[in-house]
Amino acid sequence: MQPTCLDDAELSAFVEGRLEGEKLEAARAHVDTCDECQRLVAAYTGAFGHETSKASAGGEDEGEPRYKLLGVLGTGAMGIVHHAHDSSLDRAVALKVLRKGLGIEEERLLREARAMAKLRHPNAVTVFDAGRLPSDGTAFIAMELVQGETLRTWLASPEPRPYTQVLRVFAQCARALAAAHALGIVHRDF
């Protein structure tokens, strides 16, 4: 990728139609000349529905895509997690689209997603779907959308937390990890 490629936030804003003026023109000019950013825009707008998809993709889609992107929930080293709507089941989901070219075996991640789909625990996110984008084969995982703050944010709160409350939350996390381990799933980020 060129050093001037759109970062995750810029790419999301471009795809979601939130850029204006000079920022929009600069993003358009870059996407017009960058194969990698074109691939990312096509992946997001072509394989997943979006209000700006026809304008960004440059044409009509064949049929309605299953997932419609509504916004970005977060980004990380492995991919971008979107707030999305699953049109097949009419529900909100968290849609993780993995980055290409990380040297990570995508098949292993998809196998893990299939294993995670078997996990049923009140303190673990449910996996609904996993697969590859029809546009370029990029792996994605559709998961339960959980509203609220992250554990990291909760712990960083300026108000002190009683140790019993912290212990109770971490015990819930430990029970979810134990349930995952019982299925042979190893959580690599906890």
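About the cut-offs
Residues numbered from 1 in each chain as written. Predicted model: local features only at pLDDT ≥ 70, side-chain atom pairs only at ≥ 80, totals over all residues. Heavy atoms only, no water. Helix = DSSP H or I, 4+ residues; strand = E, 2+ residues; numbered from the N terminus. Buried < 20%, exposed > 50% of the residue type's maximum accessible area, 1.4 Å probe, protein only. Core = buried A, V, L, I, M, F, W, Y, C linked by side-chain atoms within 4.5 Å. Contact = heavy atoms within 4.5 Å. Phe/Tyr/Trp six-rings, centres within 6.5 Å; stacked < 30°, edge-to-face > 60°. Lys NZ or Arg CZ within 6 Å of the ring centre and 35° of its normal.

Trainee: I'd like a description of unusual backbone geometry, backed by residues and values.
Mentor: Look at Asp-90: it is not a glycine, yet its phi comes out positive at around 50°. Position of Asp-90 among the secondary structure elements: in the loop between strand E2 (79-86) and strand E3 (91-98). On the basis of relative accessible area, Asp-90 is assigned to the exposed category, the value being 60%.

Trainee: So what's going on with the nonpolar core? Residues and values would help.
Mentor: Leu-6, Leu-11, Phe-14, Leu-19, Ala-27, Val-31 and Cys-37 are the most contacted members of the largest nonpolar core, which totals 13 residues. When residues of this core are traced back to their parent elements, those giving at least two are helix H1 (8-15), helix H2 (21-33) and helix H3 (35-47). Of the residues forming this core, the biggest block, four residues, is contributed by H1. Beyond its immediate sequence surroundings of up to four residues, Cys-37 is in contact with Cys-5, Leu-6, His-30 and Val-31. Counting nine residues, the second largest nonpolar core, distinct from the first, contains Val-93, Leu-95, Val-97 and Leu-133.

Trainee: Go over the packing of aromatic side chains with me, naming the residues and quoting the values.
Mentor: A complete count under the given rule lists one aromatic pair for this structure. Judged by centre distance (5.8 Å) and plane angle (65°), the ring pair of Tyr-67 and Phe-140 falls under edge-to-face. Taken together, the residues Tyr-67 in strand E1 (residues 67-75) and Phe-140 in strand E5 (residues 139-144) connect sequence positions 73 residues apart. Tyr-67 sits in the buried class, given a relative accessible area of 2%. The side chain of Arg-91 reaches across the aromatic face of Phe-128, ending 3.5 Å from its centre.

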